[in-house]
Structures are given as C-alpha cells and as structure tokens.
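# Structural overview
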Amino acid sequence: MPADVSLQFREIDAADVPALFYVRTRTRENSYTLDELHALGITAESVTQRLATSYKGWLCTHAGLVVGFCMADCSTGELWVIAVLPEYEGQGIGNRLMSSAEKWLWELGWSRAWLTTDIDTALRAYRFYRQRGWTDWKVDDGLRWMELGRPGDPSPP
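## Examining the pairing of strand β4 (residues 78-84)
Of all the 7 residues making up β4, 6 are buried; the element is thus mostly covered by neighbouring parts of the structure. Bridge analysis of strand β3 (residues 65-73) against β4 gives 6 bridges, and the strand direction is antiparallel. The residue bridging Cys70 from the neighbouring strand is Ile82, located in β4. Counting the residues between successive antiparallel strands, the hairpin from β3 to β4 contains 4 residues, one of them, Gly77, with a positive phi of roughly 80°.

This is the structure we're talking about:
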C-alpha cells in the first residue's frame, strides 16, 4: 500500500502531551482509561517531565490530529509506549514510529532495546513486535518482557 502523503511524522514536544492521552485511551487492545493511567503515575505532568529528561518520542498526525505515537527511554533502552488509533492501523504508522525509537536507541549506543507487553500472544501487539524482530525475554509479574538486538550485533543470549 503506498504511503499516505497526508500523514506527517515528527518528534513529540511538550505541547503534544494532551493529544498523546487522547490516542492512548482509544487503542483497540491494552487500552487504559485516564484514571487507570493516573493510578499508574502516568499523568500529563509525568509525561512532560519524562520528555524533559531521558525520554524522546515521535508522533504521526493526519489533518492536524495526532493518530499515533511512540516513546523510548535512553537511560534504560526501554521502548516505553506505542499507540495508534484503531482507524489508522494497518497503514505502516506503528512500524515507522517504532523504527524512529529503535534508531535513536541504536545511535545512542544501546545494543539491546527492551519492552514489556501483555502476556497474551494472541494480541496484535505481540505479532507486531515479533514481525519487527523482537523476541521473548521472560514472563514475570504478569508481563511479557521482549528484547531487540541492534542490527548487525550478535543475538542477545
């Protein structure tokens, strides 16, 4: 499918944070309400603070609306979050956002990135990560931990 030229990609800045919550609370799988995110300590203030420290993110807009985003933490090598509105799935947005985050971590010298996700392998996210080369690391405390080695580096043990 040819790329939609009306999709725009750029780095996230602090002014984008409210729109990130709009997207995150509307994902098809593994969605959270604002109250659930707040209970986890994920608030507009905490996300803004993360972006001012070791986190960086990228987003995709269509007609001025944020339709997907991804964030990573350069202090740990963690891919922290990726979310795309359901009506924009299947257009390559998630792949492009993940590529930006992975590339950033590789450029900073990380040889391995990691993330946590639901343990249910039937979820679309699991297939998405596996198709991108992420492998299972462990299942612990109700979460699946996955990892990705930098291209060209030996596979993680």
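## Structural notes on the environment of Ser31
The topology assignment puts Ser31 in the loop between α1 (17-24) and α2 (34-39). A C-alpha to C-alpha distance of 11 Å links Ser31 and Asp118, two positions 87 residues apart in sequence. Those residues in contact with Ser31 that sit more than four places away from it in its chain are Arg24, Thr25 and Glu36.

## Focus: the packing of aromatic side chains
Enumeration over the complete set of coordinates arrives at 6 aromatic pairs. On the numbers, 5.8 Å between centres and 65° between planes, the contact of Trp58 with Trp104 is edge-to-face. Of the two residues, Trp58 sits in strand β2 (residues 55-62) while Trp104 sits in helix α4 (residues 93-107), which places them 46 residues apart along the sequence. Following the ring pairs from residue to residue traces out a cluster consisting of Trp114, Trp137 and Trp145. The cationic tip of Arg112 hangs over the ring face of Trp137; the distance from NZ or CZ to the ring centre is 4.0 Å. Here the basic side chain of Lys138 rests over the ring of Trp145, its NZ or CZ set 4.7 Å away from the ring centre.

What counts as what
Residues numbered from 1 in each chain as written. Predicted model: local features only at pLDDT ≥ 70, side-chain atom pairs only at ≥ 80, totals over all residues. Heavy atoms only, no water. Buried < 20%, exposed > 50% of the residue type's maximum accessible area, 1.4 Å probe, protein only. Helix = DSSP H or I, 4+ residues; strand = E, 2+ residues; numbered from the N terminus. Pairing = 2+ DSSP bridges. Contact = heavy atoms within 4.5 Å. Phe/Tyr/Trp six-rings, centres within 6.5 Å; stacked < 30°, edge-to-face > 60°. Lys NZ or Arg CZ within 6 Å of the ring centre and 35° of its normal.

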